[in-house]
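Inside the fold
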Amino acid sequence: MNRKTTRAFEPPVFVFWARFACAVGLAAIASCSDPMPPDATRVTKKIELDFEENCPADSTWLPNTPPLRMFVPPPHPDTECPFYRGAYQNFLIAAQPLANGDPALVQYPTLDDAFVSATPHFTRNTGGLTHVPGGPAGTGRAWLGAIRQAGERQILIDRDHHTLYYGLHMNQAFVDFIQANNLETVDGIMSVDKNLSFPAGLVEFKTAWKDVDPQDFPNGVVPPPGNAYPGDPGDYSNYITTMAWIPHLHQDPNTMIVEEDPDNPVLRKMALVAIHCVYTLPGHPEFVWGSVQHVNTQAIDPGVMTFAGVRVMGAPDSQPDGIGPGGMAALPEDTDPQNGSVSAAASSRDFLLYAHDTPENVADQQGVYTNAELNFDEATQSFPGQSTPVYRMFPGSKSNDLAPDGAVFSLNSNIGALFDQAQGLDPHDKRMNYRLVAAVWLDKPAFFGLGQDGQGASFQNDSSSPLVIDPGGYPGVSEGTFCGVPLDGTHTSGDSPNASGANNTVPGCETRADLLRPAPDGTVINPGQLFQDHDPDLGGTDSPFSILGGEDRLSSAAMETFTQNGQFNNCFTCHNTKPITANGTSQDLAPNAAPLIPFAANINVSHLFSEFILREQEEAAALAAAPASGN
């Protein structure tokens, strides 16, 4: 049955299993190798309550962050800490300040660097001193690009009536992979071996930036970020910022579509609001999808305090986390996935992307403004009087629980301690003001591929999951008949009566075989029902039947604002091996959308390829239309 999961919020009783042994002392076991070498000064912080599992930050991360070591982290029920640590470490690497204060990310390759376009253009992040509307030749090339979000290609408008700007970036290893497999052209992508998978060591980033340039605001004064909590800064001095060339926006007088012109860009000061850190590890070609956002480090995270009873500094200041009035909250109904019937406000405070007392059924809503309704002012590159308020619909980014994962808030607390104790930080370094939201990956990557029919797979905890279709099958896949990691030669499973912290990392864990045995009253667990009902005890990504690890309702509220629920569950709803459309979604989610990659392929899990093809199509169409328009 469908039900709304409402919970009383009491400090939890934490169970001190040896489930986090891989993170603290099992370096000798290859599958448990920690992502950093042993470090006696690894930073951990004891706060008001002990953590369910301690996820440490490493002192070697600062001031100059080393590359992420390649390792094979164990699946459930062992600690998820290595996946979260890798996401944040990749953020630290990309956000490392250069001599001029810019993050290292500004030098990372983009689509312009990795692919060969049929339309020659300038080097990215360059431009002239002025924009020439309708000019016959470009003046440079924008560094940031799309203003529309994947899904239905909506525009997010902040409280200051500006759209956010999004960027796609990658490390050099990703470029090397593209070139080694002849994927730098549209023809090369269309000829790809559909079974080609990504190797370990690739990283891509999706970024969300806010325009904070004085010339785009009345009287040249940029409003402060907000007053969500005491201690919020009065300016953007604690954000990562850069002067970037961004596309000039123009509203077509006939279609009323707001168009981007990346070849006649404008120079603006931009502030980093959020970033996806997406990376591969050995055995994980599907990518680990991590999300990081700016926070107020002077305030307690209300979500962690409310739902887990733990004080962690670093309150999200872009959007509220849907705690609701009186500190109560509920997960969305299956029959009302966008909370369209919820008139309560998500918060009484202001945030960067949310105005106080905005009802939930007004925020995060698709189709707030049609193209014709957009009130665009080209002179200020803004939408006067308009905004699209944002809140996080799933406070813990989980389908079956309101509380964030213990490893996530443990890591975030330890990151705060790491920066407090760090020596020799660059004065330009603003990385301490960003924290991990969550991450999602395939806990059982054996299922990564094109699916049984070869038409692509979606990787969700629903009726399409192989472990729901055949609950008793795949006994050799993690948690089938064995759980935990053995610590000695007895090869003891964690569900064995003889299991202890000395012979298995997770004594007391359960396998799918354990759960499928009939109860004394004869009842048998239905895995599909666990996920359909969002069972708080057996559902979600901690279930032995889950093919996902981490957070199964993960989204960046700044980047996937309008796809936090409904038919969009998490990153893998769009980032899978199915065909891809011009909306940046799988073909089955938008059957009427124009196809970009019309076939299933393992590389479809990354949308760098489809975004390049989309850009090529749009630029070809613009060139074809130019003579008719008189330009």
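Along each chain, residues carry numbers from 1 onward, in the same order as the chain's sequence is written. For a predicted model such as this one, the threshold for reporting local features is a pLDDT of at least 70, and the threshold for listing and counting side-chain atom pairs is 80 or more; totals across whole chains, interfaces and linings nevertheless cover every residue. The basis for every side-chain value is the complete set of non-hydrogen atoms in the structure, without hydrogens or water.

Two residues of an α-helix separated by three or four positions point the same way, owing to the 3.6 residues in each turn. Segments assigned H or I by DSSP are reported as helices when at least four residues long, segments assigned E as strands when at least two residues long, and all are numbered from the N terminus. A helix is expected to span 1.5 Å multiplied by its residue count minus one. Between its first and last C-alpha atoms helix H2 (residues 81-94) spans 20 Å; for 14 residues at 1.5 Å apiece the expected length is 20 Å, and the two agree. Summary of the burial criterion: residues with accessible area below 20% of their type's maximum are buried, those above 50% are exposed, and those between are partly exposed, where the area comes from a 1.4 Å probe applied to protein chains only. Taken across its 14 residues, H2 has 14 buried, putting it largely inside the fold.

Attention now goes to the packing of aromatic side chains. The rule is short: rings of Phe, Tyr and Trp, with Trp giving its six-membered ring, pair when the centres are within 6.5 Å, and they are stacked under 30 degrees, edge-to-face over 60, tilted in between. Using the criterion set out here, one finds 24 aromatic pairs in the structure. Aromatic pair Phe 83 and Trp 441: ring centres 4.1 Å apart, planes at 10 degrees, arrangement stacked. Of this pair, Phe 83 sits in helix H2 while Trp 441 sits in strand E7 (residues 434-442); the two residues are 358 residues apart in sequence, bridging distant segments of the chain. With respect to burial, Phe 83 and Trp 441 carry one shared label: buried.

In this section: the side chain of Asp 211. Of note, Asp 211 is situated in strand E2 (residues 203-211). Buried Asp 211, no salt bridge; nearest opposite-charge side chain is Arg 268, N-O distance 4.4 Å. Counted as a polar contact is a pair of N or O atoms within 3.5 Å, where, for protein atoms, one must be capable of donating a hydrogen and the other of accepting one, and residues adjacent in sequence contribute only when both atoms are in side chains. In terms of polar contacts, Asp 211 uses its side chain to reach the backbone amide nitrogen of Asp 213, at 2.9 Å. In what follows, a contact means two residues having at least one pair of non-hydrogen atoms within 4.5 Å. Each residue touching Asp 211, except ones within four places of it in the same chain, is listed here: His 162, Tyr 165, Asp 216, Phe 217, Arg 268, Lys 269 and Met 270. Neither His nor the chain ends is counted toward charge; the positive residues are Lys and Arg and the negative residues Asp and Glu. For this analysis, a salt bridge means a side-chain nitrogen from Lys or Arg found within 4 Å of a carboxyl oxygen belonging to Asp or Glu.

So, on to the pairing of E2. The buried fraction of E2 amounts to 8 of the 9 residues, a majority that puts the element mostly inside the structure. Two strands are counted as paired when DSSP detects at least two bridges linking them. Note: strand E1 (residues 165-170) against E2, 6 bridges, orientation antiparallel. When the bridges of E2 are listed, Gly 167 appears paired with Thr 207. Pairing of E2 with strand E4 (residues 258-281) involves 9 bridges; the strand directions are antiparallel. Bridge pairing links Thr 207 to Ile 275 in E4.

Okay, the confidence of the model for the protein chain next. For every residue, the predictor assigns a confidence score, pLDDT, that lies between 0 and 100. A residue-level look at the protein chain finds 88% of positions with pLDDT of 70 or above and a mean pLDDT of 86. For the protein chain, helix H1 (residues 21-25) is the element with the lowest average pLDDT, namely 34, and helix H4 (residues 172-180) is the one with the highest, namely 98. For the stretch residues 1-32, pLDDT sits under 50, and the model shows 92 contacts to residues farther than four places along the chain or on other chains. Scored below 50 in pLDDT, residues 44-51 makes 24 contacts in the model with residues more than four places away or belonging to other chains.

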